[in-house]
Amino acid sequence: MCSSDLFTRLHDRGCLLLLIAFCRPRHVWFSFPCKLWGPWTRLNLIKSHATYEKIMSERAIARRYLHNVSEAWNLQILLGGHAHAENPLASQAWAELCLENAWEVRIDQCALGLRSPKSDLPVFKPTRIVTSDATLASGLENCRCDGRHQHEHLAGKYKGKNLTSWAATYPLKFCKHVTKRSEEHTSELQSRETISYA
C-alpha cells in the first residue's frame, strides 16, 4: 500500500477495503507517510502558533489515512492473510494505529543496504516493522547496525532531490530479505496443507 493523498478520501479508503476483500492477497505491506509525525515536525510545532495550527490541521487529514491502515490491516488478518507495516522508529504515527495480532521488530536500514546516493556511505535509519508474520519478525531481528562503519547524515539535496527523499526508497537488499522470509513462511504453510490433505 503506497503512501498517497488519495487515501484521505472516503471513496478511495473504501475501495482499498473492497480490493483486499475481493483479491484476498497473502500479504499486504503498509508504508504510510511519516512527514507529519517525525522529530522535525515536533520541533516545528513550537515555532509559532500559526505553524502549530497548520501542522495540526494537516495531521487531522493524515489521520484518515492512518485509520484506514488500521481498518485494512484488521480486515487482512480476519481474511487469513498477513499484514506488515513500516515506518521510522521515532514516528509518532504508530500511536495513531490499532494493529492486532502483531509482532514488532526494530531494524537499522544500514544493515540492509541503505546508502547515501551522494557519498555512498551507509545510512542508519532506525525503522520499526510491525508484522503478523512471526517468521518475518524472527528473520529481521538481527538486521541491526554492527557499529563498524560511519553513517551519512542526510541533509540537503542531491541532483535536485532532498536526500531524505532518497532514503524513502527501500534498498534492494531490504526487499530481497523481506521477500525471502515471506516466501519461507508461505512454503511452510503449503507443506502443512499438503501433509494434512495426504
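Anyway, here's the lowdown on the structure attached to this text. (Residues numbered from 1 in each chain as written. Predicted model: local features only at pLDDT ≥ 70, side-chain atom pairs only at ≥ 80, totals over all residues. Heavy atoms only, no water.)

1. Concerning unusual backbone geometry
Then comes step 1: Located in the positive-phi region is R24, a residue other than glycine, with phi close to 50°.
Then comes step 2: Tracing the chain through its elements places R24 in the loop between α1 (10-23) and β1 (27-31). (Helix = DSSP H or I, 4+ residues; strand = E, 2+ residues; numbered from the N terminus.)

2. A look at the layout of surface pockets
Then comes step 1: Volume-wise, the largest pocket comes out at about 1,400 Å³.
Then comes step 2: Considering the residues around the largest pocket, the lining is formed by 39 residues, among which C34, W40, P88, K125 and T164 are closest to the centre.
Then comes step 3: Among the secondary structure elements, those contributing two or more residues to the lining of the largest pocket are α2 (39-44), α3 (49-78), β2 (82-88) and α5 (163-166).
Then comes step 4: Residue composition of the lining of the largest pocket, grouped by class: 20 nonpolar, 13 polar and six charged. (1 Å grid on protein atoms, 1.4 Å probe; cavity = no way out; pocket = protein on both sides within 12 Å on 5 of 7 lines; lining within 4 Å. Points joined across faces, edges and corners; volume = space filled by probe spheres on them. Nonpolar A, V, L, I, M, F, W, Y, C, P; charged D, E, K, R; others polar.)

3. Focus on α1
Since one α-helical turn is 3.6 residues long, residues separated by three or four positions face the same way.
Then comes step 1: Taking 1.5 Å per residue, 14 residues should reach 20 Å; α1 reaches 20 Å between its end C-alpha atoms and fits that length.
Then comes step 2: Listed in full, the buried residues belonging to α1 are D12, R13, L16 and I20. Buried residues of α1, viewed axially, fall in a sector of 105°; they line one side. The exposed set on the far side of α1, more than 90 degrees from its buried face, consists of L10, H11, L18 and F22.
Then comes step 3: Of the residues one or two after α1, R24 is the one with positive phi, at around 50°. (Expected span 1.5 Å × (residues − 1). Buried < 20%, exposed > 50% of the residue type's maximum accessible area, 1.4 Å probe, protein only. Arc of directions from axis to C-beta.)

4. Brief notes about the sheet that holds strand β3 (residues 103-108)
Two strands in a sheet stick together by hydrogen bonds in their backbones, pointing the same way (parallel) or opposite ways (antiparallel).
Then comes step 1: In spatial order, the strands read β1-β2-β4-β3; together these four strands make up an open sheet with mixed pairing. Single-partner strands in this sheet number two, and they are β1 and β3. Shown here is a sheet whose adjacent strand axes are inclined to one another by a mean of 20°, direction ignored.
Then comes step 2: Here β1 pairs with β2 via five bridges, running parallel. Across the sheet, residue S31 finds its bridge partner in β2, namely E86.
Then comes step 3: On top of the sheet, α3 reaches β1, β2 and β4 (126-131); it is set at about 150° to β2, its chief contact. (Pairing = 2+ DSSP bridges. Axes fitted to C-alpha atoms, helices over the stretch in contact; angles between N-to-C directions. Contact = heavy atoms within 4.5 Å.)

5. A look at the pairing of β2
Two faces make up the sheet, and in a regular strand the side chains alternate between them.
Then comes step 1: The buried count for β2 comes to six of seven residues, which makes it a mostly enclosed element.
Then comes step 2: When β2 meets β4, the two strands line up antiparallel, connected through five bridges. Within β4, the residue paired with H84 across the bridge is T131.

6. Topic: the packing of α1 against α3
A pair of packed helices is characterised by two quantities: the angle between their axes and the separation of those axes.
Then comes step 1: As a packed pair, α1 and α3 sit with axes 10 Å apart at the nearest point and diverge in direction by 15°. By the angle between their directions, the pair α1 and α3 is classed as roughly parallel. In the crossing of α1 with α3, the sense of the turn from one axis to the other is right-handed. Within the contact between the two elements, α1 uses R13, L16, L17, I20 and A21 and α3 uses R64, N68, E71, A72, L75 and Q76. (Parallel < 35°, antiparallel > 145°, perpendicular 65-115°, else oblique. Left-handed = near helix turned anticlockwise from the far one by under 90°.)

7. With respect to the packing of aromatic side chains
Then comes step 1: The tally for this structure, following the rule as stated, stands at six aromatic pairs.
Then comes step 2: For the pair Y170 and F174, a centre-to-centre distance of 4.6 Å together with 20° between the ring planes defines the contact as stacked.
Then comes step 3: Look at F174 and you get buried, because its relative accessible area is 2%.
Then comes step 4: In textbook terms, an aromatic cluster arises when at least three aromatic residues are bridged by ring pairs, as seen for W29, Y170 and F174.
Then comes step 5: Note that K161 overlies the ring of W166, its terminal NZ or CZ placed 4.7 Å from the centroid. (Phe/Tyr/Trp six-rings, centres within 6.5 Å; stacked < 30°, edge-to-face > 60°. Lys NZ or Arg CZ within 6 Å of the ring centre and 35° of its normal.)

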